Amino acid sequence: MRATIKDVARRANVSTSTVSLVLNNKSVPISQQTRDAVFKAAKELHYRPNQLAVGLVTNKTNTIGLIIPDNSNPFFAALSNQIEKAASSNGYSIILGNTNNSAKSTRNYLRIFTDHAVDGIILAQADFSVPEEGEKCMQLIKDLHIPIVSVDRIDKGSNLNSVVTDQKLAGYLATRHLLNLGHRRIGCATGPLGLSNCQNRLLGYQKALAEFDVPFEPNLNYEENLNIECGIHALSTLLGQNVTAIFAFNDLIAYGVYKELRNYNLSVPDDLSLVGLDDIFLSEILQPPLTTVAQPVNEIAENVVERIIEQIASPGRTAQEPLVLEPILKVRGSTKRLV
């Protein structure tokens with residue numbers, strides 16, 4: 001059974017208030033002998049303060065809730081890891097909630113974390129392909145009155161404090177790279193276009209095409225989910241449209257293209273150039289390595305933690321302007337010049 005402050009007091013033969021004053025390093029006249037006895041008892045009993053109980057007194061638990069849409073996606077796994085590191089270095093612990101892309105689960109975690117008295121919430125899913133779900137989520141956030149900073153998937157109509165990557169620029173960089181290599185029939189394997197991230201990546205794709213006077217052809221776009229299966233299913237459709245290159249809206253989709261190409265006895269980049277997005281850790285060790293647009297995960301994590309801590313300290317402050325970070329094109333072996 002976990003030791004309590006009463007157990008420490010009994011072991012040290014002092015009052016519970018004395019234990020509290022000593023362990024919280026209060027400036028009160030307590031002898032060094034008594035302090036040593038309290039520290040010795042706490043160490044022997046492996047005493048750790050109950051943060052929920054401390055929170056009732058201090059109105060602060062030093063915990064932050066983190067809600068992500070898919071912990072099986074290596075991008076969100078990496079983002080969660082970096083957010084936890086940044087939070088830890090600032091004296092906060094992270095409680096993780098994985099929604100599996102469910103709007104209902106997102107709302108449930110918002111309630112659960114609030115009920116568990118977290119100091120604030122980092123929300124990586126405030127955007128849903130069904131607009132009504134986003135509206136329900138935003139209304140719940142208003143009702144909960146808890147500091148929240150959103151990251152990555154941001155609802156278009158929200159005024160939440162947020163940290164995002166410039167997704168339009170990401171789509172533009174990927175497509176421009178392929179256009180510079182001479183490709184003109186460039187297919188897109190997209191996630192759900194109801195998501196603002198996917199919409200913006202498509203806008204970037206269209207912007208690059210327009211700069212090269214290449215007409216936008218809707219039939220060169222295959223829409224599904226942001227997973228490997230999308231790449232597998234997209235390939236036959238896009239090959240049927242005689243594409244010479246594919247822009248996959250994330251690296252997982254690109255992995256599906258790699259996998260399915262083997263069934264056609266085709267290869268990257270000799271038969272098809274391929275660009276992904278996210279730069280998750282596997283992309284560099286594929287054969288050939290994947291050309292991709294990297295999101296600055298470390299920078300995202302550091303800034304979102306900084307913002308949630310600032311908002312916890314000043315909960316009534318006006319929401320800051322969204323922080324928009326720039327993606328970076330990483331050119332590797334999956335693209336080649338069209339002869």
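Basis of the calculations
Residues numbered from 1 in each chain as written. Predicted model: local features only at pLDDT ≥ 70, side-chain atom pairs only at ≥ 80, totals over all residues. Heavy atoms only, no water. Phe/Tyr/Trp six-rings, centres within 6.5 Å; stacked < 30°, edge-to-face > 60°. Helix = DSSP H or I, 4+ residues; strand = E, 2+ residues; numbered from the N terminus. Buried < 20%, exposed > 50% of the residue type's maximum accessible area, 1.4 Å probe, protein only. Pairing = 2+ DSSP bridges. Axes fitted to C-alpha atoms, helices over the stretch in contact; angles between N-to-C directions. Contact = heavy atoms within 4.5 Å. Parallel < 35°, antiparallel > 145°, perpendicular 65-115°, else oblique. Nonpolar A, V, L, I, M, F, W, Y, C, P; charged D, E, K, R; others polar. Core = buried A, V, L, I, M, F, W, Y, C linked by side-chain atoms within 4.5 Å.

Regarding the packing of aromatic side chains
Thinking step 1. Considering all chains together, one arrives at 4 aromatic pairs under this definition.
Thinking step 2. On the basis of an interplanar angle of 35 degrees and a centroid distance of 5.6 Å, the ring pair of Tyr109 and Phe113 is categorised as tilted. Placement of the pair is Tyr109 and Phe113 together in helix 6 (residues 103–115), with a separation of 4 residues, close to one helical turn.
Thinking step 3. You can call Tyr109 partly exposed: its relative accessible area is 23%.
Thinking step 4. Between Tyr205 and Phe216, the aromatic rings sit 6.2 Å apart at their centres with planes inclined by 80 degrees, giving edge-to-face as the arrangement. Of this pair, Tyr205 sits in helix 9 (residues 196–211) while Phe216 sits in the loop between helix 9 and strand 7 (221–223), and the two are 11 residues apart along the sequence.

What to know about the sheet that holds strand 6 (residues 186–190)
Thinking step 1. Read from one edge of the open sheet, 6 strands run 7-6-8-9-10-12, paired in mixed fashion. For this open sheet the edge positions go to strand 7 and strand 12 (328–330), each flanked by a neighbour on one side alone. Neighbouring strand axes in the sheet, compared pairwise and without regard to direction, differ in orientation by 15 degrees on average.
Thinking step 2. With 3 bridges connecting them, strand 6 and strand 7 associate as parallel partners.

Things to note about the sheet that holds strand 3 (residues 120–123)
Thinking step 1. Pairing in this open sheet of 6 strands is parallel, and the strands run 2-1-3-4-5-11 from one edge to the other. Strand pairing shows two members of the sheet lacking a second neighbour, strand 2 (93–98) and strand 11 (323–325), which therefore form its edges. Geometrically, the sheet is characterised by an average inter-axis angle of 15 degrees between neighbouring strands, direction not taken into account.
Thinking step 2. Its contacts with the sheet put helix 6 on strand 1 (63–68), strand 2, strand 3 and strand 4 (148–151), and the angle it makes with strand 1 is roughly 175 degrees.

Thoughts on the packing of helix 1 (residues 5–12) against helix 2 (residues 16–23)
Thinking step 1. Remark: helix 1 packs on helix 2, axes separated minimally by 8 Å, with the N-to-C direction vectors making an angle of 100 degrees. Comparing their axes, helix 2 and helix 1 come out roughly perpendicular. For the pair helix 1 and helix 2, the contacting residues are Ile5, Lys6, Val8 and Ala9 in the first and Thr16, Val19 and Ser20 in the second.
Thinking step 2. Its residues assigned to classes, the contact of helix 1 with helix 2 comprises 4 nonpolar, 2 polar and 1 charged.

Details of the pairing of strand 5 (residues 161–165)
Thinking step 1. In terms of residue burial, strand 5 counts as a mostly covered element, since 5 of its 5 residues are buried.
Thinking step 2. Side chains of strand 5 alternate between two faces, with Asn161, Val163 and Thr165 and Ser162 and Val164 buried alike.
Thinking step 3. Bridge analysis of strand 4 against strand 5 gives 3 bridges, and the strand direction is parallel. Among the inter-strand pairings, Val149 is bridged to a residue of strand 5, identified as Asn161.
Thinking step 4. By the bridge criterion, 3 bridges tie strand 5 to strand 11 in an arrangement that is parallel. Bridging across to strand 11, Val163 finds its partner in Leu323.

Some details on the nonpolar core
Thinking step 1. Counting 69 residues, the largest nonpolar core has Ile83, Ile122, Ile246 and Leu274 as its most contacted members.
Thinking step 2. No other element matches the 8 residues that helix 12 (residues 297–313) contributes to this core.
Thinking step 3. Leaving out residues up to four positions away in the same chain, Ile122 has contacts with Ile64, Gly65, Leu66, Ile67, Ile83, Val149, Val151, Val304, Val305 and Ile308.
Thinking step 4. With 16 residues, the next largest nonpolar core counts Leu110, Val118, Phe128 and Leu140 among its residues.

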